[in-house]
Structures are given as structure tokens and as C-alpha cells.
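Below are the chains, spelled out letter by letter.
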Amino acid sequence: MDRLFAPQSAEAQAHTHLNENWFTWDQEHPSLDETLTAGCATYEAFQRYLKGTDLYLVPQSRSDLENVLRRYAYDTIHNTIARSRSQLERGGYSRMCSLVERSISKVLDENDNVSYLLGLYRHRLEAQPRARDLGSPARSIRIK
């Protein structure tokens, strides 16, 4: 994770804060802290991608990779909202999603992070059989 997030980055600090203050983090503010939640969601998205345990469709492009990371981050946001005892302010979900998307783009724009992350699971992509390799002859569909 240090390759993607410096320990002093907002995302890493948000992740650390939420994990260290698991039982009381949502009582510090009258409403859900959107910046903290979005930072942690971004960090969790990359961490989940690096683990690769539930990555079934291997991304082949930056766009695919961004979609996977966003989906993971949205899952974290949903889980955080469900666990929180604080209220979510009007428009808070959209703001958190926007913060996450900007943060993901920022990390992918740095160095060669896109090629690094896409390369992690390239072996899975190469091992997947293609439809034409499965032994069934290709059939065309006639359209009138």
C-alpha cells in the first residue's frame, strides 16, 4: 500500500483513524464525516483490489480498473453508512462518491500505478480460456 498511499496521505490517515477508533469514530460529529469516510473507502478499495480474492473479471484497461475500484469504494461507503450511528447529511452520499472518484483518479494518474495494478493479475487473464478455445464451433446468426 505504501506504493499507492504514503502513510501521511489523507486516505491512509482516514483508514487508520477509523480502524483505531472503531467503536467511537461515528460519535465525534453530529453527522457522518464525509471526508473521513471517503478517504477510508478509497484506501479500502485499493487494499481489496491488491488482495484480489473476489476479483472475478480481470480489468484490462484503465477504465475497467477505475470501475472495479469505484465499486469496491462504494461497497465500503455503504457498509460505513450502515454501521454508523450518525446521520448522513442531505447530498452526503453523492459528495462521498465524488471525493472517492477524484481520489482514485489521482492515485491512478501518479507514476505508473495503472500499469502496475493491471499487471498484478495479468496471469489470470492469460489463463482464462477464450470462447473459441472451448471446442464449440463458432456459429453465425443470420439477421434478416
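Residues numbered from 1 in each chain as written. Predicted model: local features only at pLDDT ≥ 70, side-chain atom pairs only at ≥ 80, totals over all residues. Heavy atoms only, no water.

Undergrad: Can you tell me about helix α1 (residues 10-20), naming the residues and giving the values?
TA: For α1, the set of buried residues is E11, A12, A14, H15 and L18. Down the axis of α1, the buried set is contained in an arc of 160 degrees. They therefore lie on one face. Exposed side chains of α1 directed beyond 90 degrees from the buried face belong to A10 and E20. Contacts made by the buried residues of α1 are with α2 (34-51) and α4 (92-109). (Buried < 20%, exposed > 50% of the residue type's maximum accessible area, 1.4 Å probe, protein only. Helix = DSSP H or I, 4+ residues; strand = E, 2+ residues; numbered from the N terminus. Arc of directions from axis to C-beta. Contact = heavy atoms within 4.5 Å.)

Undergrad: Tell me about the pattern of salt bridges, and please be specific about residues and values.
TA: Per the counting criterion, the structure on display carries six salt bridges. Salt-bridge contacts for R62 lead to D109; the nearest nitrogen and oxygen are separated by 2.8 Å. Placement of the pair is R62 in helix α3 (residues 62-83) and D109 in helix α4, with a sequence separation of 47 residues. Each of the salt bridges in this network shares a partner with another, and the network as a whole consists of R48, D54 and D75. (Salt bridge = Lys/Arg side-chain N within 4 Å of Asp/Glu carboxyl O.)

Undergrad: Please give an account of the nonpolar core that cites residues and values.
TA: Counting residues in hydrophobic clusters, the biggest one holds 28 residues, and the most contacted among them are F46, Y49, L65, L69 and L108. Within the residue set of this core, elements represented by two or more residues are α2, α3, α4 and α5 (113-119). (Core = buried A, V, L, I, M, F, W, Y, C linked by side-chain atoms within 4.5 Å.)

Undergrad: Could you give an account of the environment of F5, naming the residues involved and the relevant values?
TA: Structurally, the position occupied by F5 is in the segment before α1. In this structure F5 comes out as buried when scored by relative accessible area, which is 3%. With near-sequence residues (within four places) excluded, F5 lies in contact with E11, A12, T42, Y43, F46 and V107.

Undergrad: Describe the packing of aromatic side chains, and please don't skip the residues or the numbers.
TA: All chains considered together, the criterion is met by three aromatic pairs. The interplanar angle of 40 degrees and the centroid separation of 5.4 Å between the aromatic rings of F5 and Y43 together place this pair among those described as tilted. Placement of F5 in the segment before α1 and of Y43 in helix α2 is noted, with a sequence separation of 38 residues between them. Pair check on accessibility: F5 and Y43 agree, each one buried. Ring-pair connections join several aromatic residues into one group, and the members of that group are F5, Y43 and F46. We note R3 situated over the ring of Y116; from NZ or CZ to the ring centre the distance is 3.9 Å. (Phe/Tyr/Trp six-rings, centres within 6.5 Å; stacked < 30°, edge-to-face > 60°. Lys NZ or Arg CZ within 6 Å of the ring centre and 35° of its normal.)

Undergrad: Lay out the confidence of the model for the protein chain in plain terms, naming residues and giving numbers.
TA: Counting all residues, the mean pLDDT for the protein chain is 85, and 82% of those residues have values of 70 or more. Element-level pLDDT for the protein chain is lowest in helix α6 (residues 122-127), with a mean of 72, against a maximum mean of 96 in α4. (pLDDT = per-residue confidence, 0-100.)

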